[in-house]
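Chain by chain, the residues:
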Amino acid sequence: MSESGLALVDRMLEGDRLALARLITLVENRSPLVPEVMRRIHPRTGRAYALGVTGPPGSGKSTLVDKLIALLRREGASVGIVAVDPTSPFTGGAVLGDRIRMQAHALDPGVFIRSMATRGSLGGLARATREVLKLLDAFGMDWVLVETVGVGQTELDIIKLADTTVVVLVPESGDAIQTMKAGLLEVADIFCVNKADRDGAQHLVAELRFMVHLHREGRHAAQQPGWEIPVLTTRAVEGAGLDELFGEIRRHRELLETSGTLEARRQARRRRELYELIVQELRREVEGQLEADGALAGYLEQVLSGALDPYSAVAEILAKGIWPRPAP
Ligand SMILES: Nc1nc2c(ncn2[C@@H]2O[C@H](COP(=O)(O)OP(=O)(O)OP(=O)(O)O)[C@@H](O)[C@H]2O)c(=O)[nH]1
Ligand SMILES: [Mg+2]
């Protein structure tokens, strides 16, 4: 690792915000320094509590996050925020909106806000988000908040990085929940019906409560005995319902901490992370070797010409120990 990369980590650990910002940029740019950075910060991670806020575009996530930051700051907690938009390949409009909405906190030394959008692969975004959360954790933030749009697979991967997840819906999203149901119940610890000043909020609340009730024995529910997903209403712009929402977040955290579920969740996360990293490494290696390695390239050629089916090729490559090869 370059001297400057190392120095950056040291400066970040001493509380240098500019160094933190530059390390996040390294992560976004998939710098080859990232594994070494992660290795060095590891002893300083694991302290922060991760809160996820997810929901459809424009449901008021950033407005809610902005108010939650204020509540956390009032308690003296420091807060790092990552706003992730998997739907946008650009650092564009939504991100600008986040900046404006959270501007009041931008000068607060106890707050650090960063927006991220997709650059290149979607899969890479979940990994980058995890790495940024670790940086914020190592920096010393008591809470790390991740705001993410929607409930597709990438978004689910991102939201699974959180200890507690708030799913934000609005009265207009009534129809959308039908299609998102499975995904929502897989991640929601708390349902927040925002824009409760609009028609249909109570209807949505009833619908969600019914859904929670029906699925109270589902997988996600079964993993947290003693917790029935609460359904709350908020009017984020006015700050109405925010104390209740924050109360439920804290109650959920306490339950996780006292029941041992938090550690179990974090272990499940570490396991997923390890698997993912191994698979990524192997994939990278095999991609590099497929063309370069004589034996593998021979198989590739036969498959390309159609002379050999890929199933037989894989079986032979693995059976003959051509790949993976033992380390030299
Ligand atoms: N009427 C009403 N409008 C709200 C409420 N909360 C937020 N809004 C408005 O909804 C719009 C979107 O709010 P954001 O906080 O940017 O929503 P978001 O979910 O972060 O949006 P994206 O990040 O773009 O997906 C803004 O114009 C807010 O002022 C609410 O409780 N009632
Ligand atoms: Mg937003």
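No experiment lies behind these values; they were computed from the predicted model shown.

## As for helix 11 (residues 242-259)
In this model helix 11 runs 26 Å from its N-terminal to its C-terminal C-alpha over 18 residues, within 8% of the 26 Å that 1.5 Å per residue would give. Within helix 11, the full set of buried residues consists of L242, L245, F246, E248, I249, H252 and L256. Here the buried residues of helix 11 occupy an arc of 160° about the axis, which is enough to place them on one side. Along helix 11, exposed side chains directed more than 90 degrees from the buried face belong to D243, E254 and T258. After helix 11 finishes, the residue G260 shows a positive phi value of roughly 85°.

## Let's talk about unusual backbone geometry
Look at R30: it is not a glycine, yet its phi comes out positive at around 55°. Summarising the element assignment, R30 is placed in the loop between helix 2 (17-28) and helix 3 (34-41). Phi is positive for K195, which is not a glycine, with a value near 60°. On the secondary structure map, K195 appears in the loop between strand 6 (190-193) and helix 9 (201-214).

## Concerning the pairing of strand 5 (residues 164-169)
Within strand 5, six of the six residues are buried, leaving the element largely enclosed by the surrounding structure. Alternating positions in strand 5 separate into two faces, T164, V166 and V168 on one and T165, V167 and L169 on the other, with burial throughout. Two elements, strand 1 (residues 49-55) and strand 5, share four bridges in a ladder whose sense is parallel. Among the inter-strand pairings, T54 is bridged to a residue of strand 5, identified as V167.

## With respect to the side chain of H252
Relative to the assigned elements, H252 resides in helix 11. What H252 contacts, discounting residues up to four positions off in sequence, is Y49, D163, T164, D189, Q224, W227 and R265.

## What to know about the nonpolar core
Formed by 46 residues in total, the largest nonpolar core has its most connected members in W143, L145, F191 and L245. Every residue in contact with L145, bar those within four places of it in the chain, is listed here: L51, V65, I69, L72, V79, G80, I81 and V82. Counting 34 residues, the second-largest nonpolar core is a separate cluster that includes L8, V27, M38 and L133.

## Quick notes on the pattern of salt bridges
Summed over all chains, the structure comprises 23 salt bridges. Between R47 and D142 there is a salt bridge; the shortest N-O distance is 3.0 Å. Taken together, the positions of R47 in the loop between helix 3 and strand 1 and D142 in the loop between helix 6 (122-139) and strand 4 (143-149) put the pair 95 residues apart, joining distant regions of the chain. Overall, the relative accessible area of 51% leaves R47 in the exposed class. Note on D142: relative accessible area 25%, which makes it partly exposed. D163 is paired through a salt bridge with R266; the nearest N and O atoms lie 2.7 Å apart. Of this pair, D163 sits in the loop between helix 7 (153-159) and strand 5 while R266 sits in helix 12 (residues 261-292), and the two are 103 residues apart along the sequence. Neither residue differs from the other here; D163 and R266 are each classed as buried.

## Quick look at the sheet that holds strand 7 (residues 231-233)
Reading across from one edge, 3-2-4-1-5-6-7 is the order of the seven strands in this open sheet, with parallel pairing throughout. This sheet does not close on itself; its edge strands, each paired only once, are strand 3 (111-117) and strand 7. Across the sheet, the mean angle from the axis of one strand to that of its neighbour is 20°, orientation sign disregarded. Here seven bridges tie strand 1 to strand 4, and the two strands are oriented parallel to one another. Looking at the pairing, G52 lines up with V146 of strand 4.

Rules used throughout
Residues numbered from 1 in each chain as written. Chains lettered and ligands numbered in written order. Predicted model: local features only at pLDDT ≥ 70, side-chain atom pairs only at ≥ 80, totals over all residues. Heavy atoms only, no water. Helix = DSSP H or I, 4+ residues; strand = E, 2+ residues; numbered from the N terminus. Expected span 1.5 Å × (residues − 1). Buried < 20%, exposed > 50% of the residue type's maximum accessible area, 1.4 Å probe, protein only. Arc of directions from axis to C-beta. Pairing = 2+ DSSP bridges. Contact = heavy atoms within 4.5 Å. Core = buried A, V, L, I, M, F, W, Y, C linked by side-chain atoms within 4.5 Å. Salt bridge = Lys/Arg side-chain N within 4 Å of Asp/Glu carboxyl O. Axes fitted to C-alpha atoms, helices over the stretch in contact; angles between N-to-C directions.

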